[in-house]
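Summary of the model geometry
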Amino acid sequence: MTSIATLGSHCALQVLKGAKDEGFKTILVCEKKREKLYRRFKFIDEFVLVDSFKEIMDQRCANILKENNAVIIPHGTLIAQMSSEEIESIKTPIFGNKWILRWESDRNMKEKLMVESKLKIPRSIRGPSDIQGLTIAKRHGAAGGKGYFLATNEEDYIKKRDKLVREGIIKGDQDLYLQEYALGVSAYLQYFYSELSGELEFFGVDRRYESDIDGLGRIPAQEQIDVDLIPSFNVVGNSPLVLRESLLEDVYAMGERFVEAAKRLVAPGMTGPFCLEGVYDENAKFTTFEFSARIVAGTNLYVDGSPYSSLIYDEPMSMGRRIAREIKNADSKNSLSKIVT
Amino acid sequence: MTSIATLGSHCALQVLKGAKDEGFKTILVCEKKREKLYRRFKFIDEFVLVDSFKEIMDQRCANILKENNAVIIPHGTLIAQMSSEEIESIKTPIFGNKWILRWESDRNMKEKLMVESKLKIPRSIRGPSDIQGLTIAKRHGAAGGKGYFLATNEEDYIKKRDKLVREGIIKGDQDLYLQEYALGVSAYLQYFYSELSGELEFFGVDRRYESDIDGLGRIPAQEQIDVDLIPSFNVVGNSPLVLRESLLEDVYAMGERFVEAAKRLVAPGMTGPFCLEGVYDENAKFTTFEFSARIVAGTNLYVDGSPYSSLIYDEPMSMGRRIAREIKNADSKNSLSKIVT
Amino acid sequence: MTSIATLGSHCALQVLKGAKDEGFKTILVCEKKREKLYRRFKFIDEFVLVDSFKEIMDQRCANILKENNAVIIPHGTLIAQMSSEEIESIKTPIFGNKWILRWESDRNMKEKLMVESKLKIPRSIRGPSDIQGLTIAKRHGAAGGKGYFLATNEEDYIKKRDKLVREGIIKGDQDLYLQEYALGVSAYLQYFYSELSGELEFFGVDRRYESDIDGLGRIPAQEQIDVDLIPSFNVVGNSPLVLRESLLEDVYAMGERFVEAAKRLVAPGMTGPFCLEGVYDENAKFTTFEFSARIVAGTNLYVDGSPYSSLIYDEPMSMGRRIAREIKNADSKNSLSKIVT
């Protein structure tokens, strides 16, 4: 019997709860320092305790997972803590397409896949002297957080860059890249593509809750100017949304193009959950900043299903449960190899 | 057997899912360009393909709907795309009171019904020279979106009006009307009034997610001032809320007054779903800007029921399902004529 | 048979719905002016009509509740409308530890318990001349609302204090206390501690929706400066959130420390629901401003369970239902005395 395993972080609770609800044995590769948290949950059957998640590459983990016929569900922490080479070297079967995770991590490959998908992406700005209007400076490799700032002209940019250099957050211009700031409201579009059925499912949408930028609006304008703060973008949570129904045609179209482009660029393609992350502008046009080629944390909102999954399934269907359902369906047709790498 | 039909837009998915859950045959009057989206959903039994929703007035549509004993569920798109005369000319039975939809479209009738309901409405401002303090200029006929702006004095108003004239969005003062800006936080109060039981049900509350105004708070004050942007109010989605329980007495009172006023002004009254849309000020007093005399898109959040519908019903009760339940109840008592026009 | 009673306000609907779902008889101590609202709900079995909630101390109420073997579920209204001595004098058994409610009301005791729990709290600022950077002035005894303002230096403070004195909201400096403003995003962490099992459950998280401060971000910076408004913090509702999973270890740790500190300082400790209320800063560190030592209104979002309660329970578990479940469990073991005071 296949069992389902994941790293103890990010969306592990949702993923293993979904797996348990689908009848699977559940295994958590768990850092010792977080064991106490995860022991609280009855739906986690077995713990593989590690000092570092990198031990998932080692023989001990590989053996335990193999004995359990485990499939690993990849999520954000795998990508954050291990290099693409390390991930690709993992011997245990990984749900989805582990080769596409590299395309999420590498900024150039990421942009290539978004362009191939004909997604509208933010316009790059070559350098500070080209800044004309609202521009965002992003720090290479920053998983959101410090080092992002807005600027409206070169002088403004220099002032803020110098402040971040003084604070030791960056070394200089080389640590930053510039994009036209996409005015609008953010949305994280959650999808599931089934290699078994060939169908794309739109599963839900969320917004990120970021500190301290999402607290900025509660500080009156004059006070903001007086204290001269540069806000950060550290994700601390997510909140739920639904989209205007007239936008759904395009939501599906973008998802389909992404799936097709992924098939062309990185076989076997975009198997399982993914997310297009961006902003709707004042004309309700979507600009994609990023994608995640695996389950995103915003799905944690929808443990009991979302307003979208409830249109497709007659039981509460979280993304974690959907993944387990796919594995169950593949198992029953002896097609597991179609959905793991 | 009665079947349930609606236009393919706005809240069609929720409405037909609810109808299917209540055992009805479901029919979608669907624009050909959106067929692909709606074909994804298994709960839609039959498609009536059209080039334009106006074809619902034509014999072909009328025949198909008649053969199916269909009742049309009206929503925002019907009102947006057809004039009141056109809607009133539709031969197929429409759930609710189709005569009240005119009162939603016409600004004077809308205000008359809100005043008759003794709802607190925003204070009108006669002209730019009367601006004293935070004022909002709204564009006639704009379904939110471009052409709305805030001004604090006449000079500020003139500057922004001229900018919109230059951009071709308006022609001049005649396209705008002014209201005192109601400071506070927005809330969309969703109700269902049953003509069969004589009872009002408070069904849920949501907030709109509007671009790019809801992204404004994430732009630091100094940058806002530097780029001199005039935000737009284009609805791209909705997010969930609950209200402080001490506000519910007044929520119900406002809803009851609206239902009573509708009975007096436009027989047979406010049958079915409606929404009071406005703002809670710093003293938790509600100012109503608008109402919708039919189901609103914010109900799409609550496909599985809301924290309010769950207090009334023992199964997941969306607004779409509630409508279908009402039709089912009416059918069983041979009282369909009470709830359709 | 035990029955469950509460005051008609705050979260009464959720609490009695949960009690009804657990099979209890439900009793509402209801102000006559709010009877109409609460009569709408079928799950409230009996009404004890009063002119004031203080009548809960009187013999008439005490007798009716005693005849019904009622346990009172305390919530925010009890604390807002009755002094600690009055609450402690109530003869009817109160769910949880009524002695801890005093620690929520009294600012010094509140701070003592937060410090004992080793929670990070805002830094106090001695007086206006010590203001260096973003500071918040809070009005003693204000349940949010008027009289809170931000200041960045002494002059700014004086200007705003004088404005509030002119408006009759405060008398002078003596009505205010100052704290370093905690930049970040707010979160209300909802917990349930079971005296029966010795286990802490993290039940959900929400954000407050406050007027008019949460509408501030929709007013462009220049307009904010022009009209010179001082926003208010009047809670009108709540909205849902989930937290980043990597924060959960610390969420539980804070909750455990609070439970342990409560056991030491105010026997029998923190029985039942409580809430830690604060802000996540840009480094995702939590500063606790307040706690509630009983159920909070944000739980009204989760009548059908939250993304967290759904990880623990296989049925929809609101906080109100969890309380009723605890009473039911205690009843079955004859241990009611462990969870009431």
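Worth saying up front: this structure is predicted, and the values here are computed from it rather than measured.

Let us look at the UniProt feature "domain: IMP biosynthesis enzyme PurP C-terminal" (unreviewed entry) in chain A. Mapped onto this numbering, the UniProt entry gives "domain: IMP biosynthesis enzyme PurP C-terminal" (unreviewed entry) at residues 156–341 of chain A. Segment residues 156–341 of chain A splits into 29% helix and 29% strand. End C-alpha atoms: 48 Å apart.

Many analyses report the size of an interface as the accessible area lost when the parts associate. Residue and element names in this part refer to chain A. Structurally, chain A comprises domain 1 (3–94), domain 2 (104–120 + 184–338) and domain 3 (132–180). For domain 2 and domain 3, the distance between their C-alpha centroids amounts to 26 Å. With eight residues of domain 2 at the contact, the number on the domain 3 side is 11 residues. Of all residues in domain 2, R107, I230 and F233 give up the largest surface area on contact with domain 3, accounting jointly for 64% of the area buried on that side. Taken together, the connections running from domain 2 to domain 3 amount to one salt bridge. Ionic pairing is found between D228 and K159, a salt bridge with its closest N-O pair at 3.7 Å. Joining domain 2 to domain 3, the criterion identifies one residue pair in polar contact (both at pLDDT 80 or more). In the side of domain 2 that touches domain 3, the residues fall into four nonpolar, two polar and two charged.

With that settled, consider the UniProt feature "binding site: ATP" (unreviewed entry) in chain A. Residues given the UniProt feature "binding site: ATP" (unreviewed entry) here are E210(A). Within the fold, E210(A) resides in strand β10 (residues 200–212). By relative accessible area, E210(A) is classed as buried at 7%. Setting aside residues up to four positions removed in sequence, E210(A) forms contacts with F233(A), N234(A), V235(A), V236(A), R218(B) and V185(C).

A separate point is the pattern of salt bridges. In a structure, side chains of opposite charge can pair up when their charged atoms sit close to one another. Counted by the stated rule, this structure contains 90 salt bridges over all chains. Salt-bridge contacts for K160(C) lead to D156(C); the nearest nitrogen and oxygen are separated by 3.3 Å. Taken together, the positions of K160(C) and D156(C), both in helix α8 (residues 154–166) and four residues apart, correspond to about one turn of that helix. D156(C) shares its class with K160(C); the two are buried. A single network of salt bridges, built from pairs that share partners, joins E22(A), E315(A), R321(A), R325(A) and K328(A).

As a further point, take the sheet that holds strand β5 (residues 124–125) of chain A. Residue and element names in this part refer to chain A. Across the sheet, which stays open at both edges, the four strands sit in the order β5-β8-β6-β7 with antiparallel pairing between neighbours. This sheet does not close on itself; its edge strands, each paired only once, are β5 and β7 (149–151). Those strands touched by helix α8 (residues 154–166) are β6 (135–139), β7 and β8 (176–180), and its axis lies near 155 degrees from that of β7.

With that settled, consider the sheet that holds strand β7 (residues 149–151) of chain B. Residue and element names in this part refer to chain B. Taken together, the four strands give an open sheet; going across it, the order is β5-β8-β6-β7, and neighbouring strands pair in antiparallel fashion. In this open sheet, the two strands that pair with only one neighbour each are β5 (124–125) and β7. Alignment of strand β6 (residues 135–139) against β7, held across three bridges, turns out to be antiparallel. Within β7, the position partnered with I136 by the bridge is L150. Helix α8 (residues 154–166) contacts β6, β7 and β8 (176–180) of the sheet and is inclined by roughly 155 degrees relative to β7.

Residue and element names in this part refer to chain B. For helix α3 (residues 59–67), the full list of buried residues reads C61, A62, I64 and L65. Within α3, the buried residues cover an arc of 165 degrees as seen down the axis, which keeps them to one side. Residues of α3 that are exposed and point more than 90 degrees away from the buried face comprise K66 and E67. Those residues of α3 hidden inside the fold are in contact with β1 (3–7), β2 (25–31), β3 (46–50) and β4 (70–72). Two residues or fewer past α3, N69 is found with a positive phi of approximately 50 degrees.

With that settled, the discussion passes to the relation of the copies chain B and chain C. Rotating chain B by 120 degrees about the axis while translating it 0.0 Å along that axis superimposes it on chain C, leaving an RMSD of 0.0 Å. Here the transformation between the copies is reduced to the relation of a three-fold axis. Rotation axis and chain B: the residue whose C-alpha lies nearest the axis is G217(B), separated from it by 2.4 Å.

Turning our eyes to something else, we now look at the pairing of β8(B). All names here are of chain B. In terms of residue burial, β8 counts as a mostly covered element, since four of its five residues are buried. As judged from the two bridges shared by β5 and β8, these two strands associate in the antiparallel manner. Note that in β8 the partner of S124 across the bridge is Q179.

So, about the pairing of strand β9 (residues 185–193) of chain B. All names here are of chain B. With nine of nine residues buried, β9 is to be regarded as a mostly interior element. In β9, alternate side chains face the same way, and those of V185, A187, L189, Y191 and Y193 on one face and S186, Y188, Q190 and F192 on the other are all buried. Sheet analysis places β9 next to strand β12 (residues 272–280), joined by nine bridges and oriented antiparallel. Its bridge partner being in β12, A187 is matched across the sheet by G278.

It is worth spelling out the nonpolar core at this point. Among the nonpolar cores identified, the biggest contains 221 residues, and L189(A), L189(B) and L189(C) are the most heavily contacted of them. If we skip the residues at most four places from it in the chain, L189(A) touches F202(A), G204(A), V205(A), L243(A), V251(A), M254(A), F274(A), C275(A), L276(A), Y280(A) and F286(A). Core analysis: the next-biggest nonpolar cluster, separate from the first, contains 30 residues, I213(A), F233(A), L134(B) and L229(B) among them.

Once that is clear, we can look at the relation of the copies chain B and chain A. Superposing chain B onto chain A takes a rotation of 120 degrees combined with a translation of 0.0 Å along the rotation axis, leaving an RMSD of 0.0 Å. Different-surface contact between copies: only 13% of interface residues of chain B are shared with the interface of chain A.

Here we take up the side chain of E31(C). Examined against the element boundaries, E31(C) turns out to sit in strand β2 (residues 25–31). Setting aside anything within four residues of it in sequence, one finds E31(C) in contact with V50(C), D51(C), F53(C) and Q81(C).

Let's shift gears to the interface of chain B and chain A. The interface is formed by 45 residues belonging to chain B together with 45 residues belonging to chain A. Interface of chain B and chain A: buried area, both sides summed, is about 3900 Å²; carbon and sulfur atoms make up 56% of it. Looking at the side of chain B facing chain A, the largest losses of area belong to Y209(B), R218(B) and V236(B), adding up to 19% of the total buried there. Inspection of the chain B/chain A interface yields five salt bridges. We note a salt bridge from R40(B) to E256(A), for which the minimum N-O separation is 2.7 Å. The set of elements that each furnish at least two residues to the side of chain B that touches chain A consists of α1 (12–21), α2 (35–38), β10 (200–212), α9 (221–227) and β11 (233–243) of chain B. In terms of residues, the side of chain B that touches chain A owes the most to one element, β11(B), which gives seven residues. For the side of chain B that touches chain A, a count of residues per class yields 19 nonpolar, 12 polar and 14 charged.

Here is what the cut-offs are and how they apply
Residues numbered from 1 in each chain as written. Chains lettered and ligands numbered in written order. Predicted model: local features only at pLDDT ≥ 70, side-chain atom pairs only at ≥ 80, totals over all residues. Heavy atoms only, no water. UniProt positions renumbered as here; feature names shortened; annotations may be inferred. Helix = DSSP H or I, 4+ residues; strand = E, 2+ residues; numbered from the N terminus. Domains from an automatic or database assignment. Contact = heavy atoms within 4.5 Å. Buried area = accessible area lost by both parts, 1.4 Å probe. Salt bridge = Lys/Arg side-chain N within 4 Å of Asp/Glu carboxyl O. Polar contact = N/O pair within 3.5 Å; in protein donor to acceptor, adjacent residues only side chain to side chain. Nonpolar A, V, L, I, M, F, W, Y, C, P; charged D, E, K, R; others polar. Buried < 20%, exposed > 50% of the residue type's maximum accessible area, 1.4 Å probe, protein only. Pairing = 2+ DSSP bridges. Axes fitted to C-alpha atoms, helices over the stretch in contact; angles between N-to-C directions. Arc of directions from axis to C-beta. Least-squares fit on C-alpha atoms with pLDDT ≥ 70 in both. Core = buried A, V, L, I, M, F, W, Y, C linked by side-chain atoms within 4.5 Å.

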